[in-house]
Structure formats: structure tokens, C-alpha cells
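What follows is each chain in one-letter form.
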Amino acid sequence: MLDTLIAGLLRGNVYALGAVGISLVFGVMNVVNFAQFSFFGLGAMLSWFFIVKIGLPFWLALLAVLAICGLLGLIINITVVRPLAKFLPLAAMLSTYAVAQILDNASQIAFTAQFRVFPDVLPTSNLHIGNMRFGTSDLVMLGTTAVVMVVMSLFLKYGKVGRAIRATAQDQEAALQMGIPVGQVQHISFVIASALGGLAGVFIALYVGVANPNSGLDVGLTAFVAATLGGLGSLAGAVIGGFVLGILEAFGIHFFGDTAREIIVFVILIVVLIVRPGGLLGKVPLISTEPLTGTFLGKGRPLRIPRWVWPAAFVLAGVVIPLVADDYVLTTGTQVLIYAIIGAGFTVTAGQAGVLALGQAGPIAIGAYASALLTLYVHVSFWVALPIAGIVAAVVASILASPIWGVKGHYISIATLGLGIAIVAVIQLVLPQGLYNIPVPDWFGTPLNSPQAYYLIDFGVLVVTLLVMWRIRGSHLGKVISSVGSDEVAALASGVRGRNYKALAFAVSGFFAGIGGSLLAHQYTYIDPTIFTMLMSLLVVTIVIMGGIGLPYGAVVGSIILIGAMELLRFTPELRIIVYGLVLILVVRFRPGGILVRNS
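Computed from a prediction, not measured in an experiment: that's the story for all the values here. (Residues numbered from 1 in each chain as written. Predicted model: local features only at pLDDT ≥ 70, side-chain atom pairs only at ≥ 80, totals over all residues. Heavy atoms only, no water.)

**Student:** Got a minute to help me understand the packing of helix H14 (residues 327-352) against helix H23 (residues 552-564) in this structure?
**Tutor:** Helix packing geometry: the angle between the two helix axes and the distance between the axes. Contact geometry for H14 and H23: axes closest at 8 Å, N-to-C directions at 140 degrees. Considering only the axes of H14 and H23, their crossing is right-handed. Residues Thr332, Gln335, Val336, Tyr339, Ala340, Gly343, Ala344 and Thr347 of H14 form the contact with H23, whose participating residues are Pro552, Ala555, Val556, Ser559, Ile560, Ile563 and Gly564. Across the contact of H14 with H23, the residue classes tally to 9 nonpolar, 6 polar and no charged. (Axes fitted to C-alpha atoms, helices over the stretch in contact; angles between N-to-C directions. Helix = DSSP H or I, 4+ residues; strand = E, 2+ residues; numbered from the N terminus. Left-handed = near helix turned anticlockwise from the far one by under 90°. Contact = heavy atoms within 4.5 Å. Nonpolar A, V, L, I, M, F, W, Y, C, P; charged D, E, K, R; others polar.)

Pasting the structure below:
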């Protein structure tokens with residue numbers, strides 16, 4: 001058991017370093033920084049490059065990684081995050097996600113995607129206690145973290161800049177009135193956070209023995225959970241959260257195996273947020289509306305679209321394209337339509353109820369597996385399985401999410417992210433091999449498995465989805481849900497139970513996510529849990545934000561741009577993602593409410 005404890009401390013060491021950076025940026029800027037994830041992978045690859053290719057000693061390579069990551073963090077904050085953070089927290093968060101995509105793929109272009117063996121710069125098993133062996137590298141990692149935490153603590157308590165960081169984190173407006181240069185404080189915070197992310201990346205590569213440009217996502221996501229567990233904005237909480245999570249994860253893997261790791265991590269997160277909504281040492285949010293979307297509604301100048309555009313678009317998409325397009329265009333079109341269906345359903349949660357749920361991959365996976373299992377083993381028709389998949393996704397997701405609707409602020413978004421990842425992890429635990437030979441749709445025994453048939457099915461489902469969503473928006477129910485998203489306090493004063501209507505909106509989104517999952521399953525004819533990632537959830541969110549968060553047909557526009565237009569760069573996948581990131585940054589910068597914004 002002692003070796004499991006040591007392994008937990010080493011994992012927690014990395015999580016703590018990353019969590020401190022995440023909490024530091026959140027505290028001074030009120031921004032969830034997804035770009036921090038990329039510095040884990042970047043730090044690992046840079047250290048490998050400096051040691052193996054340049055021949056630098058480990059300590060010099062470590063200093064070079066800190067300097068480069070810190071400089072990149074400063075550039076990101078100046079050019080992307082800060083211009084948006086003071087106006088739109090959601091736009092700033094999305095921009096950090098876009099930056100993360102750019103950094104990951106730029107690193108992949110520079111270093112290639114293959115795993116590299118990390119050099120043995122320090123002994124890994126030269127020491128022992130009883131039968132347990134460990135190395136100098138383990139002591140160096142723990143010692144370095146301890147030194148960093150002590151220095152950070154003294155810096156924040158006694159240093160002039162450190163006290164300014166604390167003041168800015170407590171109350172940014174009061175800090176400005178007291179003459180604190182908040183802009184410079186935010187720059188410094190971003191530099192420190194990015195450098196700590198790079199340091200954590202070096203340590204994780206040293207610990208596992210390999211480096212990879214894409215290794216930052218899993219570690220970064222767990223560090224993000226650790227920061228939330230300790231309380232976003234609390235540096236002491238981030239350290240405690242990192243080590244607690246690392247130890248619990250190590251013992252969970254010891255008893256239940258590595259496949260249960262994500263379930264353990266996110267169940268811990270959700271339980272803590274339910275019991276202690278602000279995390280272990282964080283402040284319990286007092287705001288009743290979701291700040292990420294609440295500040296996002298009604299921004300920008302609406303585009304006036306002539307009425308003739310809608311019937312013309314219907315004829316073009318539903319008649320012309322199926323008749324004249326080749327198989328490649330139709331196959332791409334099916335992806336556009338499926339994500340438009342999922343995104344249109346999601347607008348009732350994000351655009352009306354004001355909850356930015358970040359775990360849509362969970363309901364999508366439930367719908368896909370429900371439909372596949374029904375047709376494979378119960379032998380029901382695709383046309384029967386399709387609506388059942390939506391209902392199952394809505395019911396299961398609603399039951400699992402029911403405890404989290406009392407959580408406030410950013411934490412409700414984080415809780416839904418954890419829920420989505422936990423759902424997929426449970427599916428992977430139960431059905432690790434995936435499902436093969438899923439039946440294709442048919443019509444009275446005739447298989448509908450051509451690209452044209454798939455396209456027409458998806459188009460028909462999208463039309464029904466948009467009609468249903470438009471009917472909901474115009475109904476009394478839709479207006480009540482919108483009142484919750486606009487001002488939950490006023491809605492509550494009027495007798496509206498915001499928690500119940502948020503849950504209902506989430507169920508509606510879950511239904512259409514399940515429908516989308518069913519369509520994906522029957523058109524792929526094969527599914528496994530690796531399809532339903534956090535990136536899928538974030539893709540749905542960015543589609544909705546780009547098109548217009550409050551408009552169901554905005555999801556169609558967002559899907560056309562982010563899936564259809566990006567196909568033009570299919571021949572170069574890495575460059576395609578970089579362009580995707582740049583497009584997202586430009587949209588949130590110049591059309592912050594989305595392309596088809598509507599005033600609230």
C-alpha cells in the first residue's frame with residue numbers, strides 16, 4: 001500500500017502544479033483557461049528536444065521550458081484572452097480553447113505525433129524503503145514542487161506584486177480604484193501559470209518515461225478537476241486538491257483498475273461540488289445566473305436575413321445538393337447535419353436556460369449505444385430505435401444530472417463536463433470493445449446505406465428538430481425557460497423554480513443529442529467509447545456559440561463553418577485544426593454573440 005501512496009503523491013505532485021496555474025488565472029481574470037492544458041504536452045516535448053537534440057543538461061532544459069512557456073503565456077494573454085476577458089468571460093474561455101488547439105497541433109507539426117522515450121536524466125529506482133523501490137527523480141519532483149509552493153506562498157503573502165495578485169483576485173474593481181495595475185497583474189499571473197504548466201509537463205514526462213505533443217489533455221483535464229476540487233481561485237485549495245485527487249486516483253486504480261480512473265476522478269468532483277459547491281477551500285458562488293452564458297446573450301449587432309432566404313436554403317439543402325453532389329460532399333453533409341441537430345437541441349440549455357453544459361458527449365454516447373443495442377440484440381427497426389435512443393439519453397442524463405442543478409456559477413458547467421466524461425467512462429468499463437456491424441437504416445427491407453440516403457434521413461431529422469425547437473421557443477414553456485436564463489433571481493421571485501426548468505432544458509438537449517448519437521451509430525455501423533471525447537462536447541459548444549447561442553438555426557450555420565468548411569483542409573489535419581482555432585478566435589473577437597446573434 002505504501003507504493004500506491006507514493007504513486008499517488010507523484011501523480012498529485014503534477015496535478016497540483018497544473019491546478020495552481022489554472023486557479024491563479026481564474027482568480028485574477030475569472031476565466032477558465034483551457035490553454036493551460038497544452039502547456040503540459042508542450043513542456044514535455046520542449047524538454048525532450050533540449051535534452052536529446054540540443055544536448056542541454058536537465059536543469060538548463062528545465063529553465064528553458066519555463067522561459068518559453070512563460071513567454072507564450074504572456075503573448076496569449078496580450079493578444080487573445082485579455083481583450084475579451086473584461087467583456088465576455090465565455091468568449092475568453094472559448095478563445096483559450098482555440099489557443100489550446102493551435103498550440104497542440106503546432107507542437108504536433110514541429111515534433112510529429114509519435115511518442116518519444118524521455119531520457120533517463122535522473123535515476124528512477126535507486127532508492128528503497130522495505131520492498132518498495134523509488135528513485136532520485138521522484139524526490140526531485142516532490143522537492144521541486146514543495147519549493148515552488150513555498151516560494152509562491154511567500155511571494156503572494158509578502159511580495160508587492162504577490163499582494164497585488166491577491167487583491168485583484170479578491171475584487172478586481174476595488175483593486176483598480178486603489179491604483180493597482182490590474183492589466184500587468186493579469187499578465188504576470190498568466191506568465192506564472194503557463195510556466196507552471198510547462199514544469200508539470202516536464203515532470204509527467206519524467207514520471208511516465210515518454211513525451212507526446214498530445215499528452216497534455218488528460219493530465220490537464222485532471223489538473224483542472226483538482227483546481228475545481230480545491231476551489232477555483234484558491235491556490236492552497238489547488239495544491240490540496242491536486243494531492244488528494246492523485247492519492248485517491250492511485251488507490252482507485254489499485255483496487256478497480258485503470259479503466260475506472262476517469263469514473264473515480266469525476267465522481268469525486270461531482271460529489272464535492274454537490275456537498276461543497278465552491279470546492280474545498282473556494283468561495284461558494286453567490287450569483288444565481290450562469291456567468292459564462294449570462295454575459296453572452298444579446299451581444300453584437302443582429303444580422304437581418306430576408307424571408308426568401310429560408311425557403312431557398314431549404315430547396316438548396318434538401319433538393320439540389322442530394323441530386324447533384326458527389327458522395328464525398330454528401331458524406332461531409334451528413335456530419336454537418338448531425339452536429340446541427342445536436343447543436344440546435346443544445347440551444348435550449350445554453351441559449352435559453354443559461355447553462356453552458358460542457359458534457360454533451362455523454363448524452364450523445366447514450367443515444368448511440370442505446371440505438372445500436374436495440375437494433376443489434378432486440379432487433380427493432382432503426383425508425384423505432386431512433387426516438388427511443390433520444391428518450392433514453394434524455395432520461396438517463398437527466399437522472400444523473402439531477403443532483404447538480406443546485407450548483408452555481410462556473411461550477412455547474414464544470415459539473416456537466418465531469419458528468420459527460422464519467423458517462424463515457426462507465427460505457428467503456430461495461431463495453432470496452434465497442435459495437436460492430438450496427439444495422440443500417442432500411443425502408444421495408446431495402447437498405448438505406450448510400451451517402452444520398454444518409455443525407456436525406458439526416459436532413460429530414462434536422463427539419464423536424466428545427467420545427468420542434470422553434471415551437472418550444474415560442475411557447476409559454478420556452479419563455480419561462482428563457483426567463484430563468486435571463487435572470488434567475490427575478491424568475492424565482494415570480495414563482496418559477498429555476499432548478500426544475502434547467503433540468504427540463506437539459507433533458508430536451510439530451511434528447512436531441514441522443515438522436516444525433518443514434519444517427520452517428522447507424523451511419524458509422526461501428527462505435528466505441530473513444531469517439532465520444534471531451535473534444536466532441538467542446539465542438540458542439542463552439543458550433544452553437546459560433547452560429548448564435550440563442551438561435552436553433554444558428555447551429556446549422558456553425559456546423560457548416562466548423563465541419564463543412566473545415567473539410568477543405570482535410571488533406572492537412574494539423575493545419576486544419578490550427579485554422580479552426582484561428583476562425584474561432586476571430587468569430588468571438590468580432591462577432592461575440594455569434595454570426596446570427598439575436599438581441600435578448
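**Student:** Before we go on, may I ask you to explain the packing of aromatic side chains in this structure?
**Tutor:** Geometry of an aromatic ring pair is reported as the spacing of the ring centres plus the angle between the planes. Per the counting criterion, the structure on display carries 16 aromatic pairs. Each ring, one from Phe34 and one from Phe37, has its centre 5.6 Å from the other, and the planes form 85 degrees; the classification is edge-to-face. Since its relative accessible area comes to 4%, Phe37 is described here as buried. Their ring planes at 55 degrees and their centres at 6.3 Å tell us that Tyr369 and Phe532 sit as a pair that is tilted. Separated by 163 residues along the polypeptide, Tyr369 in helix H15 (residues 361-378) and Phe532 in the loop between helix H21 (498-524) and helix H22 (534-547) bring together distant segments of the chain. Feature note: the residues Phe34, Phe37, Tyr97 and Phe224 constitute an aromatic cluster, connected by ring pairs. (Phe/Tyr/Trp six-rings, centres within 6.5 Å; stacked < 30°, edge-to-face > 60°. Buried < 20%, exposed > 50% of the residue type's maximum accessible area, 1.4 Å probe, protein only.)

**Student:** Explain the confidence of the model for the protein here, please?
**Tutor:** Predicted coordinates in areas of low pLDDT are best not read in detail. Taken as a whole, the protein shows an average pLDDT of 84; of its residues, 91% reach a score of 70 or greater. Here helix H12 (residues 291-294) stands out as the least confident element of the protein, with mean pLDDT 44; H15 is the most confident, with 95. Contacts for the low-pLDDT stretch residues 286-298, under 50 throughout, to residues beyond four places or in other chains number 47 contacts. (pLDDT = per-residue confidence, 0-100.)

**Student:** Whenever I open this one, the pattern of salt bridges confuses me. Can you help?
**Tutor:** For side chains bearing opposite charge, pairing can occur when the charged atoms are close. Within the structure shown, the criterion is met by 1 salt bridge. Residue Arg11 is joined to Glu249 by a salt bridge in which the shortest nitrogen-to-oxygen separation is 2.7 Å. Of this pair, Arg11 sits in helix H1 (residues 2-29) while Glu249 sits in helix H10 (residues 235-256); the two residues are 238 residues apart in sequence, bridging distant segments of the chain. (Salt bridge = Lys/Arg side-chain N within 4 Å of Asp/Glu carboxyl O.)

**Student:** Please explain the side chain of Thr96 as it appears in this structure.
**Tutor:** Relative to the assigned elements, Thr96 resides in helix H4 (residues 89-111). For Thr96, a relative accessible area of 0% gives the class buried. Polar side-chain contacts of Thr96 include one of 3.1 Å to the backbone nitrogen of Phe34. When sequence neighbours within four positions are dropped, the list of residues in contact with Thr96 reads Val31, Val32, Asn33, Phe34, Ala35 and Val81. (Polar contact = N/O pair within 3.5 Å; in protein donor to acceptor, adjacent residues only side chain to side chain.)

**Student:** Hey, could you run me through helix H19 (residues 476-486) in this one?
**Tutor:** The periodicity of an α-helix, 3.6 residues per turn, causes residues three or four positions apart to be oriented the same way. When we look at burial in H19, the residues that qualify are Gly478, Val480, Ile481, Val484 and Gly485. The buried residues of H19 occupy an angular sector of 160 degrees when projected down its axis, which confines them to one face. Facing away from the buried side of H19, by more than 90 degrees, are the exposed residues His476, Lys479 and Ser486. Summarising the contacts, the buried residues of H19 are in contact with H14, helix H18 (451-474), helix H20 (488-493) and H21. (Arc of directions from axis to C-beta.)

**Student:** Is there a simple way to think about unusual backbone geometry in this case?
**Tutor:** Excluding glycine, a negative phi dihedral is what most residues carry, and trans is how most peptide bonds are arranged. Look at His379: it is not a glycine, yet its phi comes out positive at around 60 degrees. Along the chain, the position of His379 falls in the loop between H15 and helix H16 (382-401). Assessed through its relative accessible area of 64%, His379 is described here as exposed.

**Student:** Whenever I open this one, the nonpolar core confuses me. Can you help?
**Tutor:** It is characteristic of soluble globular proteins that their nonpolar side chains tend to be buried jointly. Core analysis: the biggest nonpolar cluster contains 172 residues, and Leu519, Ile527 and Phe532 have the highest contact counts within it. Ala353, Met469, Ala505 and Val508 belong to the second largest nonpolar core, which has 8 residues in total. (Core = buried A, V, L, I, M, F, W, Y, C linked by side-chain atoms within 4.5 Å.)

**Student:** How do you make sense of H14 when you look at a structure like this?
**Tutor:** Here H14 spans 37 Å end to end across 26 residues, near enough to the 38 Å set by a 1.5 Å rise per residue. Of all the bends in H14, the greatest, near 40 degrees, is centred on Phe346. Of the residues flanking the end of H14, it is Gly354, one or two places downstream, whose phi is positive at about 75 degrees. (Expected span 1.5 Å × (residues − 1). Bend = angle between axes of the 7 residues up to and from the residue.)

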